[in-house]
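Overview (structure and organization)
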Amino acid sequence: MKAAPAAQKRLLDLAELDSALDRLAHRRRTLPELAQIDELSARIARIATQVIAAETESGDLAREQTKAEADVDSVRSRATRDQKRLDSGQVSSPKDLASLQSEIASLSRRQSDLEEVVLEIMERRETADAQVSRLVAERDELAGTRGTAEDRRNAVFAEIDKEKGEVQARREEVAADIPADLLALYGKLREQFGVGAAMLQGARCQGCRTSLSIAEINRIRAASQEEVIRCEECRRILVRTAESGL
Ligand SMILES: [Zn+2]
């Protein structure tokens with residue numbers, strides 16, 4: 001392949017801009033905020049599961065409390081009814097009176113036991129509700145921290161994308177100076193090796209840092225300036241400049 005020496009030199013400008021694009025892409029991929037956001041999201045998801053469990057427990061206890069309170073009510077109304085019967089003086093047989101009094105006493109014990117149960121459920125429910133509040137607060141705080149990290153990420157993304165746009169515009173200008181076949185070769189090599197063209201500096205390929213043999217240097221020296229030279233070691237396009245020392 002042949003190309004004007006000036007066009008070949010433009011490949012070095014192109015390679016430099018492509019490295020800048022690579023650096024920007026790398027920075028975009030490895031932004032510390034991305035790992036932070038992932039970590040926060042994982043923690044938020046774990047807490048969300050715990051919130052559901054705590055809310056479920058609180059709901060179960062609320063139902064248990066309602067049931068226990070209904071039990072207290074039913075025992076209390078039975079005791080009230082018995083007490084009314086006792087107070088009415090309608091029960092006169094000593095045996096019935098004794099039985100009624102015994103039932104009232106037993107209902108009273110039962111009521112106090114059930115009230116204990118209600119209190120115990122209320123305490124457990126309070127603990128569960130406090131746990132829900134604590135978890136929700138923790139979750140909200142983490143979500144806030146994540147929001148801040150997302151804002152920072154978006155700001156850096158915008159900055160990177162702006163710079164990328166500028167570099168791409170410059171790249172288009174440079175690419176316009178390079179013939180299509182040379183540009184295509186460069187593109188293929190860039191895809192393969194990351195960098196498509198390198199300067200021949202001294203007797204060394206700046207792409208792979210290999211020193212060229214005397215025979216290779218002589219061959220390059222003998223070649224015309226238009227000849228597109230490739231590094232024997234890394235296959236990249238070797239661009240000759242005033243620094244090549246030929
Ligand atoms: Zn090389």
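As a starting point, this report considers the structure included with it. (Residues numbered from 1 in each chain as written. Predicted model: local features only at pLDDT ≥ 70, side-chain atom pairs only at ≥ 80, totals over all residues. Heavy atoms only, no water.)

Details of the overall build of the protein chain
Across its full length, the protein chain carries five helices and four strands. Mapped from its N terminus to its C terminus, the protein chain presents α and β elements in the order α-α-α-α-β-β-α-β-β. A compact globule built from 246 residues should have a C-alpha radius of gyration of about 18 Å, whereas the protein chain, at 42 Å, is more than 25% larger. Counting only residues that meet the buried cut, the protein chain has 31% of its 246 residues in that class. Taking all contacts inside the protein chain whose residues are at least 6 apart in sequence as the whole, residues at least 24 apart take part in 77%. Carbon together with sulfur atoms contributes 50% to the accessible area of the protein chain, which is approximately 15,000 Å² in total. Each charge class in the protein chain was averaged separately, 40 positive and 45 negative side chains, and the resulting centres sit 6 Å apart. (Helix = DSSP H or I, 4+ residues; strand = E, 2+ residues; numbered from the N terminus. Rg over C-alpha atoms; globule rule 2.2 N^0.38 Å. Buried < 20%, exposed > 50% of the residue type's maximum accessible area, 1.4 Å probe, protein only. Contact = heavy atoms within 4.5 Å. Areas by Shrake-Rupley, 256 points an atom, 1.4 Å probe, with all protein chains shown as cover. Lys, Arg positive; Asp, Glu negative; His and termini not counted. Charge placed at Lys NZ, Arg CZ, Asp CG, Glu CD.)

A word on the environment of Leu246
With respect to the helices and strands, Leu246 occurs in the segment after strand E4 (237-240). For the pair formed by Leu246 and Ala203, sequence separation is 43 residues and the distance between their alpha carbons is 8.1 Å. Leaving out residues up to four positions away in the same chain, Leu246 has contacts with Leu200, Ile217, Ile220, Arg221 and Arg240.

Considerations on the pattern of salt bridges
Counted by the stated rule, this structure contains 22 salt bridges. One salt bridge connects Asp73 with Arg76, and the closest N-O pair in it is separated by 3.0 Å. Taken together, the residues span about one helical turn, with Asp73 and Arg76 both in helix H2 (residues 32-88) at a distance of three residues. When its relative accessible area of 42% is taken as the criterion, Asp73 is described as partly exposed. Sharing partners across several salt bridges, the network here consists of Asp18, Asp22, Arg171 and Arg190. (Salt bridge = Lys/Arg side-chain N within 4 Å of Asp/Glu carboxyl O.)

A few points about the environment of Ile47
Here Ile47 lies in helix H2. In this structure the C-alpha to C-alpha distance between Ile47 and Arg139, which are 92 residues apart in sequence, comes to 6.3 Å. Look past the residues within four positions of Ile47 in its chain and what remains in contact with it is Leu135, Glu138, Arg139 and Leu142.

What to know about the coordination of the zinc ion
Ligation of the zinc ion by protein atoms is provided by Cys205 (SG), Cys208 (SG), Cys231 (SG) and Cys234 (SG), these donors lying 2.2 to 2.3 Å from the ion. Coordination at the zinc ion is tetrahedral: its four donor atoms span angles of 107 to 112° at the metal. Mapped onto the sequence, the donors of the zinc ion take the spacing C-x2-C-x22-C-x2-C. Across this residue pair, the class does not change: Cys231 and Cys234 are buried. (Donors = N, O, S within 2.8 Å, 3.2 Å for Na, K, Ca; no water. Tetrahedral: all angles 85-135°; square planar, octahedral: opposite > 155°, others 65-115°.)

With respect to the sheet that holds strand E1 (residues 197-201)
Within a sheet, neighbouring strands are paired by backbone hydrogen bonds and run either parallel or antiparallel to one another. Within the open sheet, the four strands sit side by side as E2-E1-E4-E3. Their pairing is mixed. If you trace the sheet from one side to the other, it starts and ends with strand E2 (204-205) and strand E3 (229-230), each paired once. With two bridges joining them, E1 and E2 adopt antiparallel strand pairing. Within E2, the position partnered with Leu200 by the bridge is Cys205. Helix H4 (residues 180-193) rests against E1, E3 and E4 of the sheet, and its axis sits at about 125° to E4. (Pairing = 2+ DSSP bridges. Axes fitted to C-alpha atoms, helices over the stretch in contact; angles between N-to-C directions.)

Looking at the pairing of E4
With burial as the criterion, each face of E4 is covered, one bearing Ile237 and Val239 and the other bearing Leu238 and Arg240. Strand direction decides the pairing type here: E3 and E4, joined by two bridges, are antiparallel. Pairing of Arg230 across the sheet is with Ile237, part of E4. The hairpin turn running from E3 into E4, its antiparallel successor, is six residues long, and Arg235 in that turn takes a positive phi close to 70°.

Things to note about unusual backbone geometry
Trans peptide bonds make up the majority, and among non-glycine residues the majority have a negative phi. One non-glycine residue, Arg209, adopts positive backbone phi at about 65°. Examined against the element boundaries, Arg209 turns out to sit in the loop between E2 and helix H5 (214-222). A positive phi angle, close to 70°, is found at Arg235, a residue other than glycine. As for its position among the elements, Arg235 is in the loop between E3 and E4. Using a relative accessible area of 38% as the deciding quantity, one classes Arg235 as partly exposed.

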